[in-house]
Amino acid sequence: METKNLYTLMVYSENVAGILNQITAVFTRRQVNIESLNVSASSIPGVHKYTITAWSDEDQIKKITRQIEKKIDVIKANYFTDDQLFIRESGLYKLSTPMVLENPEISRTIRRFQASIIEVNPTYTIVQMHGVTEDIISLFRALDTFGCVLQYTRSGRIAVTRGMQEQVSEFLESRQENG
(Lines give C-alpha, C1' and ligand atoms only; values in the text may rest on other atoms or scores of the structure.)
Protein backbone atom coordinates (compact mmCIF):
# COMPACT_ATOMS: atom_id res chain seq x y z
CA MET A 1 0.00 0.00 0.00
CA GLU A 2 1.32 3.43 -0.96
CA THR A 3 1.92 5.96 1.77
CA LYS A 4 -0.39 8.94 1.92
CA ASN A 5 0.93 12.43 1.27
CA LEU A 6 -0.71 15.81 1.44
CA TYR A 7 -1.56 16.94 -2.08
CA THR A 8 -2.86 20.31 -3.21
CA LEU A 9 -5.22 20.34 -6.16
CA MET A 10 -5.73 23.52 -8.13
CA VAL A 11 -8.92 23.46 -10.14
CA TYR A 12 -9.94 26.21 -12.54
CA SER A 13 -13.52 26.59 -13.67
CA GLU A 14 -15.99 29.02 -15.02
CA ASN A 15 -18.06 30.70 -12.31
CA VAL A 16 -21.06 28.38 -12.45
CA ALA A 17 -23.48 27.51 -9.64
CA GLY A 18 -23.14 23.91 -8.48
CA ILE A 19 -19.60 23.25 -9.67
CA LEU A 20 -18.23 23.16 -6.11
CA ASN A 21 -20.70 20.39 -5.27
CA GLN A 22 -19.61 18.43 -8.34
CA ILE A 23 -15.94 18.76 -7.39
CA THR A 24 -16.41 17.74 -3.75
CA ALA A 25 -18.59 14.78 -4.81
CA VAL A 26 -15.55 13.28 -6.58
CA PHE A 27 -13.72 13.18 -3.23
CA THR A 28 -16.77 11.77 -1.45
CA ARG A 29 -17.21 8.93 -3.97
CA ARG A 30 -13.56 7.92 -3.49
CA GLN A 31 -13.84 8.32 0.32
CA VAL A 32 -11.05 10.91 0.45
CA ASN A 33 -11.49 13.64 3.05
CA ILE A 34 -10.83 17.25 2.03
CA GLU A 35 -8.46 18.86 4.55
CA SER A 36 -8.90 22.45 3.34
CA LEU A 37 -10.76 24.24 0.59
CA ASN A 38 -10.36 27.78 -0.66
CA VAL A 39 -12.30 29.23 -3.58
CA SER A 40 -11.65 32.61 -5.15
CA ALA A 41 -11.40 34.45 -8.43
CA SER A 42 -8.16 33.70 -10.27
CA SER A 43 -5.90 36.13 -12.09
CA ILE A 44 -7.85 35.31 -15.28
CA PRO A 45 -11.13 37.22 -15.69
CA GLY A 46 -14.17 34.94 -15.44
CA VAL A 47 -12.16 31.99 -14.10
CA HIS A 48 -12.37 30.79 -10.49
CA LYS A 49 -9.64 28.88 -8.67
CA TYR A 50 -10.28 26.11 -6.15
CA THR A 51 -7.35 25.20 -3.90
CA ILE A 52 -8.07 21.86 -2.26
CA THR A 53 -5.82 19.83 0.03
CA ALA A 54 -6.26 16.13 0.76
CA TRP A 55 -4.23 13.23 2.11
CA SER A 56 -3.96 10.53 -0.53
CA ASP A 57 -1.60 8.29 -2.43
CA GLU A 58 -0.45 9.42 -5.86
CA ASP A 59 -2.52 6.89 -7.80
CA GLN A 60 -5.73 7.97 -6.07
CA ILE A 61 -5.01 11.70 -6.46
CA LYS A 62 -4.33 11.21 -10.19
CA LYS A 63 -7.73 9.52 -10.58
CA ILE A 64 -9.47 12.27 -8.61
CA THR A 65 -7.78 14.96 -10.71
CA ARG A 66 -8.81 13.25 -13.97
CA GLN A 67 -12.41 12.85 -12.79
CA ILE A 68 -12.62 16.51 -11.77
CA GLU A 69 -11.16 17.60 -15.11
CA LYS A 70 -13.95 15.70 -16.93
CA LYS A 71 -16.60 17.97 -15.40
CA ILE A 72 -18.04 20.16 -18.15
CA ASP A 73 -17.45 23.51 -16.41
CA VAL A 74 -13.91 22.65 -15.23
CA ILE A 75 -11.25 24.23 -17.41
CA LYS A 76 -8.17 22.57 -15.89
CA ALA A 77 -7.17 20.58 -12.80
CA ASN A 78 -3.67 19.78 -11.53
CA TYR A 79 -2.27 18.27 -8.35
CA PHE A 80 0.93 19.33 -6.60
CA THR A 81 3.16 18.46 -3.69
CA ASP A 82 4.20 21.19 -1.25
CA ASP A 83 7.66 21.64 -2.78
CA GLN A 84 6.04 22.70 -6.09
CA LEU A 85 4.06 25.55 -4.52
CA PHE A 86 4.38 28.76 -2.54
CA ILE A 87 1.84 28.23 0.28
CA ARG A 88 0.32 30.43 2.98
CA GLU A 89 -2.55 30.31 5.48
CA SER A 90 -3.89 32.74 8.05
CA GLY A 91 -4.66 32.08 11.68
CA LEU A 92 -6.84 34.08 14.07
CA TYR A 93 -6.54 33.69 17.82
CA LYS A 94 -8.99 35.24 20.28
CA LEU A 95 -7.28 35.55 23.66
CA SER A 96 -8.46 36.64 27.10
CA THR A 97 -7.22 40.23 27.53
CA PRO A 98 -6.99 39.96 31.35
CA MET A 99 -4.75 36.89 30.98
CA VAL A 100 -2.61 38.58 28.30
CA LEU A 101 -2.11 41.59 30.62
CA GLU A 102 -1.30 39.36 33.62
CA ASN A 103 1.34 37.28 31.85
CA PRO A 104 3.99 39.10 29.77
CA GLU A 105 5.18 35.73 28.42
CA ILE A 106 2.06 35.59 26.24
CA SER A 107 3.04 38.81 24.44
CA ARG A 108 6.62 37.55 24.07
CA THR A 109 5.29 34.35 22.49
CA ILE A 110 3.20 36.36 20.01
CA ARG A 111 6.26 38.42 19.05
CA ARG A 112 8.49 35.32 18.82
CA PHE A 113 6.11 33.86 16.22
CA GLN A 114 6.00 37.24 14.39
CA ALA A 115 2.22 37.40 14.78
CA SER A 116 0.29 40.68 15.07
CA ILE A 117 -2.13 41.93 17.68
CA ILE A 118 -4.90 43.50 15.61
CA GLU A 119 -7.50 44.36 18.26
CA VAL A 120 -7.56 44.76 22.00
CA ASN A 121 -10.55 45.47 24.21
CA PRO A 122 -11.19 44.79 27.91
CA THR A 123 -12.56 41.30 27.20
CA TYR A 124 -10.47 39.85 24.39
CA THR A 125 -7.40 40.37 22.24
CA ILE A 126 -7.29 39.29 18.59
CA VAL A 127 -3.99 37.99 17.20
CA GLN A 128 -3.41 37.33 13.52
CA MET A 129 -0.68 35.28 11.91
CA HIS A 130 0.15 34.49 8.28
CA GLY A 131 2.47 31.66 7.36
CA VAL A 132 2.73 27.95 6.82
CA THR A 133 0.34 25.53 8.49
CA GLU A 134 2.89 24.16 10.95
CA ASP A 135 3.78 27.63 12.30
CA ILE A 136 0.14 28.64 12.72
CA ILE A 137 -0.62 25.44 14.62
CA SER A 138 2.57 25.83 16.69
CA LEU A 139 1.49 29.31 17.82
CA PHE A 140 -1.90 27.91 18.83
CA ARG A 141 -0.24 25.16 20.88
CA ALA A 142 2.12 27.66 22.53
CA LEU A 143 -0.73 30.04 23.43
CA ASP A 144 -2.94 27.18 24.58
CA THR A 145 -0.38 26.22 27.23
CA PHE A 146 -1.17 29.56 28.93
CA GLY A 147 -4.90 28.74 29.00
CA CYS A 148 -5.71 32.10 27.38
CA VAL A 149 -7.21 30.99 24.05
CA LEU A 150 -10.93 31.73 23.78
CA GLN A 151 -11.24 30.88 20.07
CA TYR A 152 -8.94 29.79 17.27
CA THR A 153 -9.36 29.27 13.54
CA ARG A 154 -7.17 29.03 10.48
CA SER A 155 -7.99 29.59 6.86
CA GLY A 156 -7.77 27.16 4.02
CA ARG A 157 -4.55 27.06 2.10
CA ILE A 158 -3.83 29.61 -0.58
CA ALA A 159 -1.13 28.69 -3.06
CA VAL A 160 0.54 29.70 -6.28
CA THR A 161 2.82 27.54 -8.38
CA ARG A 162 6.49 28.35 -8.49
CA GLY A 163 6.21 28.91 -12.28
CA MET A 164 5.83 32.28 -13.98
CA GLN A 165 2.07 32.15 -14.65
CA GLU A 166 -1.04 30.22 -13.73
CA GLN A 167 -0.83 26.75 -15.31
CA VAL A 168 -4.29 27.24 -16.74
CA SER A 169 -3.02 30.26 -18.74
CA GLU A 170 -0.99 28.02 -21.08
CA PHE A 171 -3.99 25.70 -21.48
CA LEU A 172 -6.36 28.58 -22.32
CA GLU A 173 -3.87 30.05 -24.82
CA SER A 174 -3.50 26.71 -26.65
CA ARG A 175 -7.28 26.18 -26.64
CA GLN A 176 -7.77 29.66 -28.13
CA GLU A 177 -5.19 28.99 -30.86
CA ASN A 178 -6.78 25.64 -31.75
CA GLY A 179 -10.38 26.80 -31.38
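For the structure itself, consult the block above.
A. Layout of the side chain of T133. Following the sequence through the fold, T133 ends up in helix α5 (residues 133-144). Here T133 falls in the buried class, since its relative accessible area comes to 15%. A polar atom in the side chain of T133 sits 2.8 Å from the side chain of E89. Each residue touching T133, except ones within four places of it in the same chain, is listed here: E89, R154 and R157.

B. Representation of the pattern of salt bridges. This model, assessed by the stated rule, comprises 5 salt bridges. One salt bridge in this structure joins D59 and K63, with 3.2 Å as the shortest N-O distance. Taken together, the positions of D59 and K63, both in helix α2 (residues 58-69) and 4 residues apart, correspond to about one turn of that helix. Since its relative accessible area comes to 30%, K63 is described here as partly exposed.

C. Representation of the sheet that holds strand β3 (residues 47-56) within the structure. Taken in spatial order, the 4 strands make up an open sheet running β2-β3-β1-β4, and their pairing is antiparallel. Each edge of the open sheet carries a strand with a single partner, namely β2 (34-41) and β4 (74-80). Mean inter-strand twist for the sheet, computed between neighbouring axes without regard to direction, equals 15°. Pairing geometry for strand β1 (residues 5-14) and β4, over 6 bridges, is antiparallel. Within the sheet, the bridge partner assigned to S13 lies in β4 and is V74. Strands in contact with helix α1 (residues 19-29) are β1, β2, β3 and β4; relative to β3, the strand with the most contacts, it is inclined by about 15°. Taken strand by strand, α2 contacts β1, β3 and β4, and its axis lies near 170° from that of β4.

D. Quick look at the pairing of β2. Pairing analysis gives 7 bridges linking β2 to β3, with the strands arranged antiparallel. When the sheet's bridge partners are listed, N38 is paired in β3 with T51. Between β2 and β3, which pair antiparallel and follow one another directly, the connecting turn spans 5 residues, one of which, G46, has a positive phi of 80°.

E. Looking closely at helix α4 (residues 104-112). When we look at burial in α4, the residues that qualify are I106, T109 and I110. Projected down its long axis, α4 shows its buried positions confined to an angular sector of 100°, all on one face. Relative to its buried face, α4 has exposed residues pointing more than 90 degrees away, namely R111 and R112. Looking at the buried positions of α4, the neighbouring elements they touch are β5 (85-96), α3 (97-102), β6 (116-120), β7 (124-131) and α5. Regarding α4, its N-cap is N103, as a side-chain oxygen of that residue lies 2.9 Å from the backbone nitrogen of E105 further along. Immediately beyond the C-terminal end of α4, within one or two residues, lies Q114, with a positive phi of roughly 60°.

F. Quick look at unusual backbone geometry. Although it is not a glycine, Q31 adopts a positive phi angle of roughly 55°. Note that Q31 resides in the loop between α1 and β2. On the basis of relative accessible area, Q31 is assigned to the exposed category, the value being 74%. One non-glycine residue, Q114, lies in positive phi territory at about 60°. Looking at where Q114 falls in the secondary structure, it is placed in the loop between α4 and β6. We classify Q114 as exposed; its relative accessible area is 71%.

What counts, and at which threshold
Residues numbered from 1 in each chain as written. Predicted model: local features only at pLDDT ≥ 70, side-chain atom pairs only at ≥ 80, totals over all residues. Heavy atoms only, no water. Helix = DSSP H or I, 4+ residues; strand = E, 2+ residues; numbered from the N terminus. Buried < 20%, exposed > 50% of the residue type's maximum accessible area, 1.4 Å probe, protein only. Polar contact = N/O pair within 3.5 Å; in protein donor to acceptor, adjacent residues only side chain to side chain. Contact = heavy atoms within 4.5 Å. Salt bridge = Lys/Arg side-chain N within 4 Å of Asp/Glu carboxyl O. Pairing = 2+ DSSP bridges. Axes fitted to C-alpha atoms, helices over the stretch in contact; angles between N-to-C directions. Arc of directions from axis to C-beta.

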